[in-house]
Structures are given as structure tokens and as C-alpha cells.
Amino acid sequence: MRASDLLHPRPEGLYCPPGDFFIDPVRPVNRALVTHGHSDHARSGHRSVLATQQTLDIMELRYGEGFAETVQAAALGETMALNGVSVTFHPAGHVLGSAQIAVEHQGLRIVASGDYKRQKDATCEPFEPVKCDVFITEATFGLPVFRHPPDTQEIARLLKSAAQFPERSHLVGAYALGKAQRVMRLLRDAGYDRPIYIHGALAKLSEYYQSQGIDLGQLDPATVDSGGKDDFAGAIVIGPPSAFADRWARRFPDPISCFASGWMRIRQRAKQGGVELPLIISDHADWDELTATIKETGAAEIWVTHGREEALVRWCELEGIAARPLHLVGYEDEGD
Ligand SMILES: [Zn+2]
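In this report, we go over the structure that sits alongside the text. (Residues numbered from 1 in each chain as written. Predicted model: local features only at pLDDT ≥ 70, side-chain atom pairs only at ≥ 80, totals over all residues. Heavy atoms only, no water.)

Some remarks on the pairing of strand β11 (residues 134-139)
Okay, so step 1: The buried fraction of β11 is high, at six of six residues.
Okay, so step 2: Relative to β11, strand β10 (residues 108-112) runs parallel, the two being bridged by three bridges. Across the sheet, the residue bridging to I110 is V134, located in β11.
Okay, so step 3: Both β11 and strand β18 (residues 301-307) contribute to a ladder of six bridges, which runs parallel. Bridge pairing links E138 to T305 in β18. (Buried < 20%, exposed > 50% of the residue type's maximum accessible area, 1.4 Å probe, protein only. Helix = DSSP H or I, 4+ residues; strand = E, 2+ residues; numbered from the N terminus. Pairing = 2+ DSSP bridges.)

Some words on helix α7 (residues 287-297)
Okay, so step 1: Among the residues of α7, W287, E289, L290, T291, T293, I294 and T297 are the ones counted as buried.
Okay, so step 2: For α7, the N-terminal capping position is held by D286, with its side-chain oxygen 3.2 Å away from the main-chain nitrogen of D288.
Okay, so step 3: Among the residues trailing α7, G298 stands out with phi positive, at a value near 70°. (Polar contact = N/O pair within 3.5 Å; in protein donor to acceptor, adjacent residues only side chain to side chain.)

Quick notes on the packing of aromatic side chains
Okay, so step 1: This structure, assessed with the given rule, holds 11 aromatic pairs.
Okay, so step 2: An angle of 80° between the planes, with centres 5.0 Å apart, marks the rings of Y197 and F232 as edge-to-face. Taken together, the positions of Y197 in strand β13 (residues 196-198) and F232 in the loop between β14 (219-221) and β15 (236-239) put the pair 35 residues apart, joining distant regions of the chain.
Okay, so step 3: Taken together through their ring pairs, the aromatic side chains of Y197, F232, F244, W248 and F252 make up a single cluster.
Okay, so step 4: The ring of Y15 has R10 sitting right over it, with the charged end atom 4.1 Å from the ring centre.
Okay, so step 5: Lying over the aromatic face of W263, R269 brings its terminal NZ or CZ to 4.3 Å of the ring centre. (Phe/Tyr/Trp six-rings, centres within 6.5 Å; stacked < 30°, edge-to-face > 60°. Lys NZ or Arg CZ within 6 Å of the ring centre and 35° of its normal.)

Let's talk about unusual backbone geometry
Okay, so step 1: For D20, which is not glycine, the phi torsion reads 50° and is therefore positive.
Okay, so step 2: For D254, which is not glycine, the phi dihedral falls at a positive 40°.
Okay, so step 3: Mapping D254 onto the fold places it in the loop between β15 and β16 (256-260).

Shown next, in the form of C-alpha cells:
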């Protein structure tokens, strides 16, 4: 069996003909296997969805009950048969509930990793390298310029600034699923024990993380009702990046705009976004993590998707590993 007979791109997403299912389809399909809860990977309207329980919970929180006709939970490490094709979910280290999906048939194993990272993250299970014949890797930060510093170092910069400007508030832009909770957890691990103020858009997901045993400490709503401007002096406030453009951001005293994203490595990008304190914290693998992971899987062939495919394909070729870009459309990760 050729690898492309087991999985190949279709307009709806990555399709497995013998198993008759799609992985992270971008259009409604009969049977969807979903790697994680970010909105570009996990869409509503499929007839059936197979994902980890946490991803199913997150989809329900975001889309409401009935986001699919039927759902089935996949336990990490447990192999299931779908029309004779073996499917196993393995942790991806990206956000809570995120998984890689190993698809195996007639002695051929392909691992679709979805989005992943290798940096330690106390808010989700660590990535587990899986030996395979073909490894499908993302390439969001697939250029050698992207090297993420330790996240503890970035959080230390935020805390230093907060201590330096006790009369100002620090507004931290962070994606609602994963990044926001990771920043909260990092602050706690660094010893920050004051309440963290959060935008309403983060409430449900953060509460869900807490219910899954991830302690984020005291989170208070960053609402006008909860006080005047002075109440937020010296506060750390976390909100989704989109909230920073609207009136919400103007209620805080002399705010310092911060943004937690792998893109903050690009100074120009931070400047254009009016970000005063860029924090390079990413939920995606950087260049070193991508190349190390490719080697670790032992895969003879690499398919590269969503991101900067060319550089990673070229690197593989120079390493003597067959590689090609996989042209999947519709992925703009909300959690970079
Ligand atoms: Zn993602």
C-alpha cells in the first residue's frame, strides 16, 4: 500500500479512503477525527466526531451541545479499528486535550501530528514521539529564525515590568484556548499570587482547565462593575488579542500592551501591533523542535503542512529524508 492511498488531501481535509474518515476536516463530513479544540481544526457540523474527551468537552463549550450528531471519546494510547484501519491518539503537547493521530493499515503507519510543541507546558500532556513511516508535521514556525526562548524567561520579563510600574496595568493578549491558561499557570509557577484579571471570553475555558485539575489560582473578571480604574493599578489582565482593539482595553489605567505569541520573535510584527512588551511564548514547535522531532519519529517520509513548508522540506532533503508539502487549505491557527 502506498502512503497516499492511506491518507491524502481532499477539499474537506485529510482523508483516509479505507477507513472512510477525515482528520481535522474544514467542511462538514460524515466522520471526523479531531486533533484539538482550536477553531480551525475543530469545526461544528460533522455527523460524528472522534476526539479525546477533553477536546470533545472544549468543542461543546465553544459550539454548544449538538455540535455533532454523535461523539466518541478516544483514550490516549488506546487503539481502535475504523473499517479495519487502526487509529491511536497520542499526546501532542499543544493545548489541553490535544493529540496526534496515528493511522495504521497493512503494516504502514502514518502519524498526523496536528499542532504540537516540545517545550514543557504544565497545562497539557507532553508530546510523545511515535515511530512511524510517514510523519505529518506542521510548519507554523518552520524557519531557522524561529527559536523560542524558555517561557519562564518571558514570564520573568512580564513580572519585572509589573514590579517596575506598580501604578500601571499590564494587558496581556493571549489566545483563549491554551495560551491564556498557560500564561496564568506560568505566572503562578513564578510565584505570582495576586488575582489575575480576565476578559469574559476566557472565563469558560479557564474554568474548564481548573476543573481538569490545572490550578490557575484566583481569576477575577476584568469588568467595569468590579471597580474603577484605580482597582486595576498594578494588575495583570489577560484577554484575547481581539479585545485589545475595542473599548474594553481603555478602562485600564495607563496600560502596557503585552502579547504572548511565537510571532513576537519578529520585532516588526510587535511594533505594528502596538505591542510594548512582546512575550515570545508559543504553543507551536520552533525550528529546533521541528527538526529534532522529525528525526525522532524515524520516519522515512515527511509531509509538511500549514506554515512555511518550503524551508522544512529543503532541510529534510539535505538530511536525506524524503519530504513534500501537503497542500491543505483552511488552517490559520488561532493559538500561535
Ligand atoms: Zn492549534
